[in-house]
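The primary structure of each chain is shown beneath.
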Amino acid sequence: DSGKVRCSTTGHECLPQLDVLRAHWEGKTYRKKAALVAYDFEQHAPHLVPHKQSKHLLYCTVTRQPVSRQPSAVEGHVNGKRFKRMLAEREAAQAKRSRAGAGGEEGGDEWDWEEG
């Protein structure tokens with residue numbers, strides 16, 4: 001009705017003039033929202049899950065900390081020393097548990113006794 005166009009990424013309304021649209025596309029808000037939409041958070045899915053109470057946060061199951069849903073914050077968290085150390089510890093503990101569970105079941109099969 002008003003002769004304006006609405007940006008599907010940011011929801012911003014502006015006049016349908018090329019210079020106005022270019023200014024919007026080159027702006028900080030559009031670039032940040034476009035990067036947020038384009039980033040694939042599912043690549044970190046088992047360790048970073050959506051926060052239960054706040055939609056602008058993710059929750060790290062390794063460090064048990066909330067992480068901002070900004071791509072730079074997620075990359076910084078996943079590439080950080082603390083996350084990598086805690087992830088290695090968690091994987092080592094899981095491997096130890098799986099070996100202990102598998103070792104108990106296979107304990108009787110080591111020896112082949114022949115009667116005779």
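Everything below is about the structure shown above.
What you see is a predicted model, and the numbers here were worked out from it, not measured in a lab.

**Quick notes on the overall build of the chain**
Secondary structure summary: the chain contains four helices and five strands in total. Sequence-ordered secondary structure for the chain, helices as α and strands as β, is β-β-α-α-β-β-β-α-α. By residue count, 19% of the 116 residues in the chain fall in the buried class. Here the contacts in the chain between residues at least 6 apart in sequence split such that 25% fall between residues at least 24 apart.

**Some remarks on the side chain of T63**
Its location among the elements puts T63 in the loop between β4 (57–60) and β5 (66–68). Looking at T63, the relative accessible area reads 6%, which means it is buried. A distance of 3.4 Å separates the side chain of T63 from the side chain of H77, its partner in a polar contact. With residues near it in sequence (within four places) discarded, T63 still touches H77, R82, F83 and M86.

**Remarks on the environment of L48**
Mapping L48 onto the fold places it in strand β3 (residues 48–50). Judged by relative accessible area, which is 6%, L48 ranks as buried. Put simply, L48 and P66 are 18 residues apart on the chain and 9.1 Å apart in space, counted from C-alpha to C-alpha. Not counting chain neighbours up to four residues away, the residues in contact with L48 comprise L58, Y59, C60, V67, V74, H77 and V78.

**Description of the nonpolar core**
For soluble globular proteins, the rule of thumb is that nonpolar side chains tend to be buried together. Membership of the largest hydrophobic core is limited to eleven residues, which are Y39, F41, L48, L58, C60, V62, V67, V74, V78, F83 and L87. Elements supplying a minimum of two residues to this core: β4, α3 (71–78) and α4 (81–106). Setting aside chain neighbours within four positions, we find Y39 in contact with H44, P71, V74 and E75.

Parameters at a glance
- Residues numbered from 1 in each chain as written.
- Predicted model: local features only at pLDDT ≥ 70, side-chain atom pairs only at ≥ 80, totals over all residues.
- Heavy atoms only, no water.
- Helix = DSSP H or I, 4+ residues; strand = E, 2+ residues; numbered from the N terminus.
- Buried < 20%, exposed > 50% of the residue type's maximum accessible area, 1.4 Å probe, protein only.
- Contact = heavy atoms within 4.5 Å.
- Polar contact = N/O pair within 3.5 Å; in protein donor to acceptor, adjacent residues only side chain to side chain.
- Core = buried A, V, L, I, M, F, W, Y, C linked by side-chain atoms within 4.5 Å.

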